[in-house]
Amino acid sequence: MSQDLNLSTSSHALDEETARAEIYGLLSQLFYAAPSEELLGQLQVAVTEAPDAGAFLEEPWRELVACARSLSHDQVVAEYNRLFGGVGKPEVYLYGSHYLSGFLNEKPLVKLRDDLATLGLGKGEGMSDTEDHVACVFEVMRYLIAGDDVTVANLTQQLGFFSQHVQPWVPHMCQVLLAHPSATFYARLAAFSDAFLSVELQGFDLVA
């Protein structure tokens, strides 16, 4: 997947959809695991000027890239492990059930699995995390935008999945990360994610 993100409000629908899918894909990668040296390197050299001056995502994107440039790979890996890893309770949860019910593996996860089954989707082999991990729901959104099966990958399915499984909890998770004293890179990632999701919500409101 290309990481050359077009953050402008493009007049070309295809370019706009490609950019949306790529952003979801990048967010999924960065939340699923600490970035590889290659991925962090791509982020560090990413273009920060949006083609359209004043684009809403330009500033949070610039801050994310600047933060990536200020940190070493080891520092970003250590931050990821400190926030989300370790034995027992993590400092910040990345699972929807925690934010929606207060517990892991609860009814929100069951509902998500049912909806994924309806879409013909499921957890990939070798995936140890449950489907309500933020990386998983972002990856589903990427597929619903860029997938080849138009009976599944279409605007109606995007709106339904976003309304049911993204908007109700991911912005809350982003705010938790923003407020966490140990979050540096992931605070900036959370800020960009929250801004991106607000753009998504506005776009869906226009077509709902």
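The sections below set out a description of the structure shown in this document. (Residues numbered from 1 in each chain as written. Predicted model: local features only at pLDDT ≥ 70, side-chain atom pairs only at ≥ 80, totals over all residues. Heavy atoms only, no water.)

## Focus: the environment of V152
Following the sequence through the fold, V152 ends up in the loop between α7 (134–146) and α8 (155–165). Those residues within four positions of V152 in sequence are excluded, and the remaining contacts are L119, Y143, L144 and Q157. (Helix = DSSP H or I, 4+ residues; strand = E, 2+ residues; numbered from the N terminus. Contact = heavy atoms within 4.5 Å.)

## Focus on the environment of D194
Mapped onto the elements of the fold, D194 is located in helix α10 (residues 185–207). We classify D194 as partly exposed; its relative accessible area is 22%. Along the chain, D194 and Q167 lie 27 residues apart, while their C-alpha atoms are 9.9 Å from each other. Not counting residues within four places of it along the chain, the set of residues in contact with D194 comprises P171, C174 and Q175. (Buried < 20%, exposed > 50% of the residue type's maximum accessible area, 1.4 Å probe, protein only.)

## A few points about the nonpolar core
Within the largest apolar cluster, 58 residues are counted, with the highest numbers of intra-cluster contacts made by F31, F161, M173, L177, F185 and Y186. Among the elements that make up this core, the one with the highest residue count is α10 (ten residues). In this view, F185 contacts L30, L43, L64, C67, A68, L71, V76 and E79; residues no more than four positions away in its chain are not counted. (Core = buried A, V, L, I, M, F, W, Y, C linked by side-chain atoms within 4.5 Å.)

## Things to note about the packing of helix α2 (residues 37–44) against helix α3 (residues 58–70)
Axis separation between α2 and α3 bottoms out at 8 Å; the angle between their running directions is 125°. Taken together, the axes of α2 and α3 lie oblique to each other. Note on packing geometry: the crossing formed by α2 with α3 is left-handed. Packed against α2, whose contacting residues are L40, L43 and Q44, the element α3 presents W61, V65, A68 and R69 at the interface. For the contact of α2 with α3, the per-class residue count stands at five nonpolar, one polar and one charged. (Axes fitted to C-alpha atoms, helices over the stretch in contact; angles between N-to-C directions. Parallel < 35°, antiparallel > 145°, perpendicular 65-115°, else oblique. Left-handed = near helix turned anticlockwise from the far one by under 90°. Nonpolar A, V, L, I, M, F, W, Y, C, P; charged D, E, K, R; others polar.)

## Re α3
The end-to-end C-alpha distance of α3 is 18 Å, a good match for the 18 Å that 13 residues give at a rise of 1.5 Å each. Within α3, the full set of buried residues consists of E58, P60, W61, L64, V65, C67 and A68. (Expected span 1.5 Å × (residues − 1).)

## Remarks on a nonpolar patch on the surface
A cluster of nonpolar residues, L155, L206 and V207, forms a patch on the protein surface that exposes about 320 Å² of accessible area. Here V207 is to be found in helix α10. Of the residues examined, V207 reaches a relative accessible area of 47% and is grouped as partly exposed. (Patch = residues over 30% accessible without salt bridge, like charges linked within 9 Å, V, L, I, M, F, W, Y side chains within 5 Å. Areas by Shrake-Rupley, 256 points an atom, 1.4 Å probe, with all protein chains shown as cover. Salt bridge = Lys/Arg side-chain N within 4 Å of Asp/Glu carboxyl O.)

## A word on the pattern of salt bridges
If you walk through the whole model with that rule in mind, you get eight salt bridges. For the salt bridge of R62 with E59, the shortest nitrogen-to-oxygen distance reads 2.6 Å. Taken together, the residues R62 and E59, both in helix α3 and three residues apart, mark about one turn of the helix. Judged by relative accessible area, R62 falls into the partly exposed class, the value being 26%.

## Comments concerning the packing of aromatic side chains
With the rule as written, the count across this model stands at eleven aromatic pairs. Ring plane angle 55° and centroid distance 5.3 Å describe the contact between W61 and F192, whose orientation is recorded as tilted. Of this pair, W61 sits in helix α3 while F192 is found in helix α10, placing the two residues 131 residues apart along the sequence. Comparing W61 with F192, the two get one shared label, buried. Plain terms: the ring middles of F185 and Y186 are 5.0 Å apart, the flat faces sit at 85° to each other, and that makes the pair edge-to-face. Side by side, F185 and Y186 carry an identical accessibility label, which is buried. Taken together, Y24, F31, Y80, F84, F138, F185, Y186 and F196 form an aromatic cluster joined through their ring pairs. (Phe/Tyr/Trp six-rings, centres within 6.5 Å; stacked < 30°, edge-to-face > 60°.)

## Side note on the environment of L26
Note that L26 resides in helix α1 (residues 13–32). The spacing of L26 and R142 is 116 residues in sequence and 9.5 Å in space, taken between C-alpha atoms.

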